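Breakdown of the fold
Below are the chains, spelled out letter by letter.
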Amino acid sequence: LLILCFVVASVAKGATGNENYTIIVSLDGFRWDYPTMYSIPNLQLMAHLGVRAVSMKPSYPASTFPNHYTLATGLVPDHHGIVNNSFWDKKTGIRYSMGDSATRNNPSYYLGEPIWVTAQKQGVKTGNVYWVGSDIAIKNTHPTYYKIYDQKPMISFEARVDTVISWLRMKSEDRPRLIMLYFDEPDAKGHHFGPRSPEVAKEVHRLDSLIGDLMKKIKQLPVASQVNVIVTADHGMTEISPDRFVKMENYLPARWIDKADGANPTSLFTHNGYRDSVLITLNKIPHIKAYKKEEMPASLHYGTSDRIGDVVVCPDCGWQFGSKPSTNKGAHGYDPDAPDMQVAFYAYGPDFKKGYVSQGFVNVDVYPLLAYLMGITPEKTDGDFDRVKDLLKSK
Ligand code: AMP
Ligand code: ZN
Ligand code: ZN
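None of the values given here were measured: they were computed from a predicted structure.

Here the focus is the site of ligand 1. Neighbouring ligand 1 are 14 residues; T64, N85, Y130, Y149 and D187 lie closest to it. Taking H191, its side chain carries an N or O atom lying 3.1 Å from an oxygen atom of ligand 1. At 3.1 Å from an oxygen atom of ligand 1 is found a side-chain nitrogen or oxygen belonging to H332. Isolated, ligand 1 exposes 500 Å² of accessible area, and the fraction of that covered by the protein chains is 82%. When atoms are counted within 2 Å of each cavity's grid points, the one that captures over half of ligand 1 is the largest pocket. For the shell around ligand 1, the secondary structure elements donating two or more residues are α4 (64–73) and α9 (187–193). Of the residues in the shell around ligand 1, the class split is seven nonpolar, four polar and three charged.

Below is the structure:
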């Protein structure tokens, strides 16, 4: 019985016995170079106390649902199934969209294993405020504590910070060891006003202050010395303009296409016999590239999922392809190698080095990093712990 008790206790602590807590914060659309453009004293303090990366590369396509779910699973979108914010699923003939709660909340779309499921399987508690997938019964599991995105009114940014702090004030057996916290800014301001705008400057400053509050409140906790904090994002943001737009209907007769979905990229399911016509036509147009799904550039890791069209149209960064240009001033979704798509990464706490700058890594590497920080055994993923271990103190 004693041995059994010991085994249960060590599982609850995590397989490698790391007893620290980790908070990962996503600031949606926080481009890698906002810190050089705008005032961010608290993130600077984080870098001083811990580590930062020059930039972290998102996965393709550089959009919200694909990338938050990549951060959670360590899989590229082609492998975890959320291949864009919306897509047409050829197998079922149903269109998934993040904006449609019936499909968004259907667990069958979400492949792979989110980190909170891996943790809970190993007896480790987690808390979650609005991370993509956290309020969906993926593998029949939810985080121990979580909030429902559809439940209105939504929780204010300040109350989200207080929720996280209240979880860390729970008694030790209830306290979550991993907390994931999502903010839908500066993405919204970036779309509306463009990444180089006074509105984004103000929002970035506000978010930085919020991070400052989080840091201060952590400092007052009894477990302060055990808390790691990571601040990062899903994708960047680039300027767009109606002048950089290619109108699909000017080139493709309706009979050539069965279904077209998504922007940056657009997935085309071509009508039988018209695939080559579509490719030849589109590849004469400057500023867009059209690929057969099986011939996508290897660097994008995209093209095997059933949910991707047989032709994928990728506009150059800052260009648009579709039926009508967006009225927004900012957009994302483009090639992760485009600097504007890359994101900031800051972290501090007992497991991180102090004052260290990494040249960067890929967002699939965050899942193995989180697994390490919780001391749990990760699933096999597209991530590589070796690319992030330089951030960590040696044990
Ligand atoms: P995007 O179009 O890629 O910029 O998507 C950003 C939007 O995704 C945000 O403004 C939110 O409305 C939405 N979003 C983010 N997280 C969630 C979530 N967990 N559930 C539902 N919608 C979300
Ligand atoms: Zn986003
Ligand atoms: Zn966005």
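This is not the end of the story, as more comes after the structure.
Among the ten residues in α4, ten count as buried, and that is most of the element. Of the residues making up α4, those classed as buried are T64, F65, P66, N67, H68, Y69, T70, L71, A72 and T73. Of the residues one or two after α4, G74 is the one with positive phi, at around 75 degrees.

What follows concerns the coordination of the zinc ion (ligand 2). Within the first shell, the zinc ion (ligand 2) binds the protein through D28 (OD), D28 (OD), T64 (OG1), D234 (OD) and H235 (NE2), at distances of 2.0 to 2.8 Å. Sequence positions of the donors to the zinc ion (ligand 2) reduce to the motif D-x35-T-x169-D-H. In this structure, the zinc ion (ligand 2) lies 4.2 Å from the zinc ion (ligand 3). Taken together, the residues span a long stretch of sequence, with D28 in the loop between β1 (21–27) and α2 (34–37) and T64 in helix α4 at a distance of 36 residues. The same class applies to D28 as to T64, namely buried.

All right, on to the packing of aromatic side chains then. Throughout the structure, instances matching the rule amount to 15 aromatic pairs. Between F30 and Y34, the ring centres sit 5.5 Å apart and the planes meet at 70 degrees, which makes this aromatic pair edge-to-face. By the burial criterion, F30 is buried, and Y34 matches it. Note on F87 and Y109: the rings are 6.0 Å apart at their centroids and 70 degrees apart in plane angle, and the pair reads as edge-to-face. Of this pair, F87 sits in strand β3 (residues 86–89) while Y109 is found in the loop between α6 (101–104) and α7 (115–121), placing the two residues 22 residues apart along the sequence.

With that settled, consider the side chain of S59. With respect to the element layout, S59 can be found in the loop between β2 (51–57) and α4. By relative accessible area, which is 4% here, S59 ends up buried. Apart from residues no more than four positions distant in its own chain, S59 is found in contact with N67, T70, V76, P77, P336, N363 and V364.

Space inside the largest pocket adds up to approximately 970 Å³. Lining the largest pocket are 43 residues, with S63, N85, S86, M98 and A263 sitting closest to its centre. At the level of secondary structure, the elements contributing two or more residues to the lining of the largest pocket comprise α4, α9, β11 (257–261), β15 (320–322) and β16 (330–331). In terms of residue class, the lining of the largest pocket is built from 17 nonpolar, 18 polar and eight charged.

A word on the nonpolar core. In terms of nonpolar packing, the biggest core is built from 92 residues, with I23, I115 and F345 touching the most fellow members. In terms of residue count, the dominant contributor to this core is helix α10 (residues 198–219) (eight residues). If near-sequence neighbours (up to four positions away) are discounted, F345 is found in contact with V51, R52, A53, M56, I230, V231, T232, F361, V366, L369 and L391. Core analysis: the next-biggest nonpolar cluster, separate from the first, contains 16 residues, M248, I257, V278 and W319 among them.

What follows concerns the coordination of the zinc ion (ligand 3). Reference geometry at the metal: tetrahedral coordination by four donors gives ideal angles of 109.5 degrees; octahedral coordination by six donors gives 90 or 180 degrees. Distances from the zinc ion (ligand 3) to its protein donors, namely D187 (OD), D187 (OD), H191 (NE2) and H332 (NE2), fall within the range 2.0 to 2.6 Å. Read N to C, the donor residues that coordinate the zinc ion (ligand 3) are spaced as D-x3-H-x140-H.

Turning our eyes to something else, we now look at the pattern of salt bridges. Per the counting criterion, the structure on display carries 21 salt bridges. Measuring nitrogen to oxygen at the nearest pair gives 2.9 Å for the salt bridge that ties D162 to K217. Taken together, the residues span a long stretch of sequence, with D162 in helix α8 (residues 157–168) and K217 in helix α10 at a distance of 55 residues. Overlapping salt bridges bring together E113, K121, K139 and E379 as one network.

Another aspect to go through is the confidence of the model for the chain. Detailed reading of the predicted coordinates is not advisable wherever pLDDT is low. In this model, the chain carries an average pLDDT of 95, and 96% of its residues clear a pLDDT of 70 or more. Predicted confidence is poor over residues 1–14, with pLDDT under 50, and the contacts of this stretch with residues over four places away or in other chains come to 17 contacts.

Let us look at unusual backbone geometry. Y60 connects to P61 through a cis peptide bond whose omega is 0 degrees. Mapped onto the secondary structure, P61 falls in the loop between β2 and α4. You will see that Y130, though not glycine, has its phi angle at about 70 degrees, which is positive. Here Y130 shows up in the loop between β5 (126–129) and β6 (145–146). A relative accessible area of 4% means that Y130 is categorised as buried.

Quick notes on the rules
- Within each chain, residue numbers correspond to sequence positions counted from 1 in written order.
- The lettering of chains begins at A and the numbering of ligands begins at 1, in the order of writing.
- Selection of residues for local features in this predicted model requires a pLDDT of at least 70, selection of side-chain atom pairs for listing and counting requires 80 or more, and totals for whole chains, interfaces and linings are taken over all residues.
- Side-chain numbers come from the whole structure's heavy atoms, not from hydrogens or water.
- Whether a residue is near a molecule or strand depends on its heavy atoms: if one lies within 4 Å, it is near.
- Pairing of N or O atoms within 3.5 Å defines a polar contact, subject to two protein rules: one partner must be a possible hydrogen donor and the other a possible acceptor, and residues neighboring in sequence count only if both atoms are side-chain atoms.
- Using the Shrake-Rupley algorithm and a 1.4 Å probe, accessible areas are obtained, with residue cover drawn only from the displayed protein chains.
- Throughout, the protein atoms alone are placed on a 1 Å grid, and a set of points is a cavity if a 1.4 Å probe fits but cannot get out or a pocket if it is open with protein on both sides within 12 Å along at least five of seven lines; lining residues have an atom within 4 Å of a point.
- A molecule is counted as occupying a cavity or pocket when more than half of its atoms fall within 2 Å of that pocket's grid points.
- Every helix listed is a DSSP run of H or I at least four residues long, and every strand listed is a run of E at least two residues long, numbered separately from the N terminus.
- Charged residues are taken to be Asp, Glu, Lys and Arg, nonpolar residues to be Ala, Val, Leu, Ile, Met, Phe, Trp, Tyr, Cys and Pro, and polar residues to be all remaining types, Gly included.
- Type-normalised accessible area, obtained with a 1.4 Å probe on protein chains alone, sets the label of each residue: buried when under 20%, exposed when over 50%, and partly exposed for intermediate values.
- Sites may look incomplete, because water is not among the atoms used; the donor set itself consists of N, O and S atoms within 2.8 Å of the metal (3.2 Å for Na, K and Ca).
- Here is the rule: rings of Phe, Tyr and Trp (six-membered ring for Trp) pair when centre to centre is within 6.5 Å. Planes less than 30 degrees apart are stacked, more than 60 are edge-to-face, and the remainder are tilted.
- Residue contacts follow a heavy-atom distance rule, with two residues in contact if any of their heavy atoms lie within 4.5 Å.
- Grid points are joined across faces, edges and corners, and a volume is the space filled by probe spheres set on the points.
- Definition of nonpolar core: a set of buried residues of the types Ala, Val, Leu, Ile, Met, Phe, Trp, Tyr and Cys, connected through side-chain atoms within 4.5 Å.
- Throughout this description, the term salt bridge denotes a Lys or Arg side-chain nitrogen within 4 Å of a carboxyl oxygen of Asp or Glu.
- pLDDT expresses, on a scale from 0 to 100, how confident the predictor is about each individual residue.

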